[in-house]
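The lines below spell out each chain.
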Amino acid sequence: MTMKSSNNIWIRRQQCPCGDWKCYVKYEGDDQTLISSQLIKNETASTSSSSEAVFMPYVGQIFKSDDDAFEYYSNFARKNGFSIRKARSTESQNLGIYRRDFVCYRSGFNQPRKKANVEHPRDRKSVRCGCDAKLYLTKEIVNGLTQWYVSQFSNVHNHELLEDDQVRLLPAYRKIQEADQERILLLSKAGFPVNRIVKLLELEKGVQPGQLPFIEKDVRNFVRTCKKTVQDNDALLTEKRENDTMDLLEACKAMAERDSNFVYDYTTDENSKVENISWSYADSVRASTIFGDVVTFDTTYRSITYGLLLGVWFGIDNHGKPMFLGCVLLQDESSNSFTWALQTFLRFMRGRCPQTILTDIDSSLRDAIARELPNTKHVICSWHVLSKLSSWFSLPLGSQYEEFKAEFDMLFHLEGVEEFEHQWNHLVARFGLDSDKHIALLFSYRTAWPFSYIRGYFLARSMTAEFYQSLDAFLKRILSGQTCLQLFFDQVCWLGMKEKFSFLLMILQFKHILNICFWQVGFAADLRNQSREGLQYMHLKTCLPIEENARNVLTPYAFNALQHEIVLSMQYATTELANGSYLVRHYKKMDGEYLVIWLPQDEQIHCSCKEFEHSGILCRHCLRVLTVKNYFEIPDKYVLFRWRLESSLVPVEDQNGQCSSDECAQVFHSLAETLLTESLFTKERFNYVHKELTRLLEHVREMPVCNEFVLNMAPNNISES
């Protein structure tokens, strides 16, 4: 058997963080592994063909070929509890093979064989019992075309027909598809025993145990037959990995020659082979000065072709979108590897440590973060916890799982630490999980994932469902169907460049500033007025001056979040205390009361809900107090620069001259929005604008950079489109 060259297959990390090698995680809503589109296409084609309606054959039925007839009869047999085999065929000199006989798999009787000269020969009982079910085909030529018709058919069996869950186990239907063969060989090469290979395939395909189209015995026989091939393929994959990692290193070197601000680093083993490699782009480094306060380090995927773990660093920009900060490929998941990755990332970011880092549950990564980022808050992403619940508890809890999940979700959002621990003990006792290893694991990480523990940590709204969906969409785009690491590198680079210039057509982000000459041709005043009108799509929902002020300074994303709090603040009543603080409670007293501390001399305001410390957006309770105090604008210190409009546009390394940059941004935004509106009237207009903008962009790139006027590109944002 010859083994074709493998695609680079990326899979989710499925080894459970509890440390038990027999324990795997199947992620909710992810029933398919991220493999190449061709492999997915092959699996889809094989399953769709068997789901078509198949009726009982009849005498006189015509087929284009004998293979079509066999497939049809085989599908009919499977749906009716038996399988078929090819019996005899009849051949003539003129017509060639002109008759085919297909019979039930239990047709005829087994002929006695000579016993092998061994001490204990195997005496297998034959399944053949003389069943007379059959379909005979005869070939004929009509109008010069060859066709086959059913000349005899019988559906009378002398044995019991099997149920659907049994018939799939017949040898005729236990076939290992080519895609699964490739996966089995790769996993066998990685040292997986057969039972783990079967378990992994079940998890990847999202099927219940024992529901694969083959059984463990088939996998064992296949691996044994292909043992030599596995050994040869092991050498091929080793060579492929060494060559591809060197190609990736050369690609990084070439990029560094073209862009002096591109950064990369790598380590080698004792044989001078590339072991770990990491890289980042100039825009990502610049962006981290504003948006590097909260970093998500995603280690969801690994390549089983290369045996490498993929780690990607993301920030969240002022429009709520994931922002690529860096990438790393690691030899293993040890604490030393994660330590090197974190050290390299900090060096890329010029020593700037994030306030908070979000990761998956991983003891080695936790230890590395504690050593390298001692002043950074470590948070476990909520989706990494919730996505594992089904794998951990659905089986042991059975019908109680949905009730457990609902209570766990309520516990997840509790505000008080003492209340959390009390309710946790109650949850564990109620569902009898005192000795469960996964409950123990979650409790050991309790300071990093429940809201009651992390509500004072700054997360910049990076644990919202929208942010995770955008992040996951980006990862799937860069990991689909890559055949080598260099193509993966190019895909990451290309997607980054694509996102940088998407504003030219979609006007989703405010990225570039037009040349200073706009001010010299008299457009500034008119365009500034037009730009104010252009922002009217952010509708006001109250008559409060605070809302109108916020709309003028915040991005639409941040404004929508604050506007939601402003609207809800009107449902709260305030009670002033003797020390000048306030008790704020909902008028229906549905969510308790909150203490808002107000220090007028410094214009400081603090709420016990800690929403501002958590997201950087003032809470409804503080906004209510500011309204009572007749504030028409939010104090400047509570409008974080990371959420402002100008943070999209101001050079992140030199934030002087923010006012002129803001005015310039308004000019560009208004002009671009008008251009978009006018171009959408006809296809001809759109094509013309697209062509001219592309030409303009190429011309601007060729212009010399003048340090007096240049405004660096803003961070590399990632949209879902």
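Please read all numbers here as calculations on a predicted model, not as lab measurements. (Residues numbered from 1 in each chain as written. Predicted model: local features only at pLDDT ≥ 70, side-chain atom pairs only at ≥ 80, totals over all residues. Heavy atoms only, no water.)

Counting its secondary structure elements, the protein chain contains 26 helices and 18 strands. Taken across its 721 residues, the protein chain has 47% of its residues classed as buried. For the protein chain, long-range pairs separated by at least 24 residues make up 64% of all intrachain contacts whose partners lie at least 6 apart in sequence. (Helix = DSSP H or I, 4+ residues; strand = E, 2+ residues; numbered from the N terminus. Buried < 20%, exposed > 50% of the residue type's maximum accessible area, 1.4 Å probe, protein only. Contact = heavy atoms within 4.5 Å.)

Right, let's get into the sheet that holds strand β2 (residues 62-63). Spatial strand order, β2-β6-β5-β4-β3: five strands in an open sheet with antiparallel pairing. What marks the edges here is a single partner per strand, and that holds for β2 and β3 (84-92). Across nine bridges, the pairing between strand β5 (residues 134-142) and strand β6 (residues 145-154) is antiparallel. What sits directly across from lysine 139, in β6, is tryptophan 148. Against the sheet, helix α2 (residues 66-79) makes contact with β2, β3, β4 (96-104), β5 and β6, and its axis sits at roughly 155° relative to β3, the strand it touches most. (Pairing = 2+ DSSP bridges. Axes fitted to C-alpha atoms, helices over the stretch in contact; angles between N-to-C directions.)

A few words on the packing of aromatic side chains. If you walk through the whole model with that rule in mind, you get 31 aromatic pairs. Look at tryptophan 279 and phenylalanine 489: their rings are 5.2 Å apart centre to centre, the planes differ by 65°, and that puts the pair in the edge-to-face class. In this pair, tryptophan 279 sits in strand β8 (residues 274-280) while phenylalanine 489 sits in helix α18 (residues 485-501), placing the two residues 210 residues apart along the sequence. Tryptophan 279 gets classed as buried once you look at its relative accessible area, which sits at 0%. Taking the relative accessible area as the measure of exposure, phenylalanine 489 reaches 2% and is therefore buried. (Phe/Tyr/Trp six-rings, centres within 6.5 Å; stacked < 30°, edge-to-face > 60°.)

Looking at the secondary structure, you find histidine 438 in helix α15 (residues 437-444). Sequence-distant contacts of histidine 438, defined by excluding residues within four places in its chain, comprise Cys16, Cys18, Cys23, Trp392 and Phe393.

For the rest of this paragraph, the subject is the packing of helix α22 (residues 556-569) against helix α24 (residues 620-628). Interaxial distance between α22 and α24 falls to 8 Å at its minimum, and their mutual angle equals 65°. Read as a crossing pair, α22 and α24 show a hand that is right-handed. Between α22, through Leu562, His564, Glu565, Ile566, Leu568 and Ser569, and α24, the contact on the second element is made entirely by Arg620, Leu623 and Arg624. (Left-handed = near helix turned anticlockwise from the far one by under 90°.)

Glancing now at the state of the cysteines. The full count for this structure, using the stated rule, is zero disulfides. Cysteine 131 provides the cysteine sulfur closest to cysteine 104, a residue in no disulfide bond, and the two sulfurs are 3.8 Å apart. In this model cysteine 252 remains outside any disulfide bridge; the closest cysteine sulfur is found in cysteine 327, 9.2 Å from its own. Residue class for cysteine 252 comes out buried when judged on its relative accessible area of 0%. (Disulfide = S-S within 2.5 Å.)

The subject of this paragraph is the environment of cysteine 129. Relative to the assigned elements, cysteine 129 resides in the loop between β4 and β5. Each residue touching cysteine 129, except ones within four places of it in the same chain, is listed here: Arg106, Gly108, Phe109, Asn158 and His159.

Pairing between side chains of opposite charge can happen when the charged atoms of each approach one another. Per the counting criterion, the structure on display carries 22 salt bridges. Here aspartate 218 and arginine 174 are joined by a salt bridge, their closest N and O atoms 2.7 Å apart. Linking aspartate 218 in helix α6 (residues 216-225) with arginine 174 in the loop between α3 (164-167) and α4 (178-189), this pair joins segments that are 44 residues apart in sequence. Comparing aspartate 218 with arginine 174 shows no difference in burial state: the two are buried. Taking the shortest distance from any N to any O, the salt bridge between glutamate 565 and arginine 620 comes out at 2.9 Å. (Salt bridge = Lys/Arg side-chain N within 4 Å of Asp/Glu carboxyl O.)

Here β3 pairs with β4 via seven bridges, running antiparallel. Paired with serine 92 across the two strands is glycine 96, which belongs to β4. Taken together, β3 and the strand that follows it, β4, pair antiparallel across an intervening segment of three residues. Pairing analysis gives five bridges linking β4 to β5, with the strands arranged antiparallel. Bridge assignment links aspartate 101 to a residue of β5, and that residue is tyrosine 136.

As a further point, take the environment of histidine 157. Mapped onto the secondary structure, histidine 157 falls in the loop between β6 and α3. Given a relative accessible area of 17%, histidine 157 falls into the buried group. The spacing of histidine 157 and aspartate 132 is 25 residues in sequence and 6.3 Å in space, taken between C-alpha atoms. Polar contacts involving the side chain of histidine 157 include one to the side chain of asparagine 155, which spans 3.3 Å. (Polar contact = N/O pair within 3.5 Å; in protein donor to acceptor, adjacent residues only side chain to side chain.)

All right, on to the side chain of glutamate 547 then. Along the chain, the position of glutamate 547 falls in helix α21 (residues 545-553). Lysine 541 is the oppositely charged side chain nearest to the buried, salt-bridge-free glutamate 547, at an N-O distance of 7.1 Å. Among the polar contacts made by the side chain of glutamate 547, one reaches the main-chain amide nitrogen of lysine 541 at a distance of 2.7 Å. When neighbours within four sequence positions are excluded, glutamate 547 is seen to be in contact with His539, Leu540, Lys541, Thr542, Phe559, Gln563 and Ile566. (Lys, Arg positive; Asp, Glu negative; His and termini not counted.)

A few words now on the confidence of the model for the protein chain. Per-residue confidence for the protein chain gives a mean pLDDT of 80, with 78% of residues at or over 70. Ignoring residues within four places in sequence, the model shows residues 706-721, a span with pLDDT below 50, making 50 contacts including any to other chains. (pLDDT = per-residue confidence, 0-100.)

Turning our eyes to something else, we now look at the environment of arginine 168. With respect to the secondary-structure elements, arginine 168 resides in the loop between α3 and α4. Assessed through its relative accessible area of 12%, arginine 168 is described here as buried. Taking C-alpha positions, arginine 168 is 8.2 Å from phenylalanine 214, a pair spaced 46 residues apart along the chain. Beyond its immediate stretch of four places on either side in the chain, arginine 168 contacts Arg78, Tyr173, Arg174, Gly210, Gln211 and Leu212.

Ordered in space as β15-β16-β17-β18, the four strands form an open sheet in which the pairing is antiparallel. The two strands at the open ends of the sheet, each matched to only one other strand, are β15 (572-576) and β18 (604-607). In this sheet, adjacent strand axes meet at a mean angle of 25° when their direction is disregarded. The pairing of strand β17 (residues 593-599) with β18 spans four bridges and is antiparallel. By the bridge assignment for β18, leucine 599 is matched with glutamine 604.

Moving on, we get to the nonpolar core. Ranked by internal contacts, the top residues of the largest apolar core, which has 103 residues, are Trp279, Phe393, Phe408, Trp449 and Leu618. Per-element tally for this core: the top contributor is helix α17 (residues 465-479), with six residues. Leaving out residues up to four positions away in the same chain, tryptophan 279 has contacts with Leu248, Cys252, Phe262, Val263, Tyr264, Gly326, Cys327, Leu329, Phe348, Phe488 and Phe489. (Core = buried A, V, L, I, M, F, W, Y, C linked by side-chain atoms within 4.5 Å.)

For helix α8 (residues 282-291), the buried fraction is high: nine of the ten residues fall into the buried class. Those residues of α8 that sit buried are Ala282, Asp283, Ser284, Val285, Arg286, Ala287, Ser288, Ile290 and Phe291.

At asparagine 143, a position not held by glycine, the phi torsion is positive, near 55°. With respect to the helices, strands and loops of the structure, asparagine 143 is situated in the loop between β5 and β6.

What follows deals with the packing of helix α9 (residues 335-348) against helix α10 (residues 363-372). Between α9 and α10, the shortest axis-to-axis distance is 8 Å and the interhelical angle comes to 45°. Judged by the inter-axis angle, α9 sits oblique to α10. Where α9 crosses over α10, the handedness of that crossing is right-handed. Listed contacts from α10 to Ser335, Phe338, Thr339, Leu342, Gln343 and Leu346 of α9 are Ser364, Leu365, Asp367, Ala368, Ile369, Arg371 and Glu372. (Parallel < 35°, antiparallel > 145°, perpendicular 65-115°, else oblique.)

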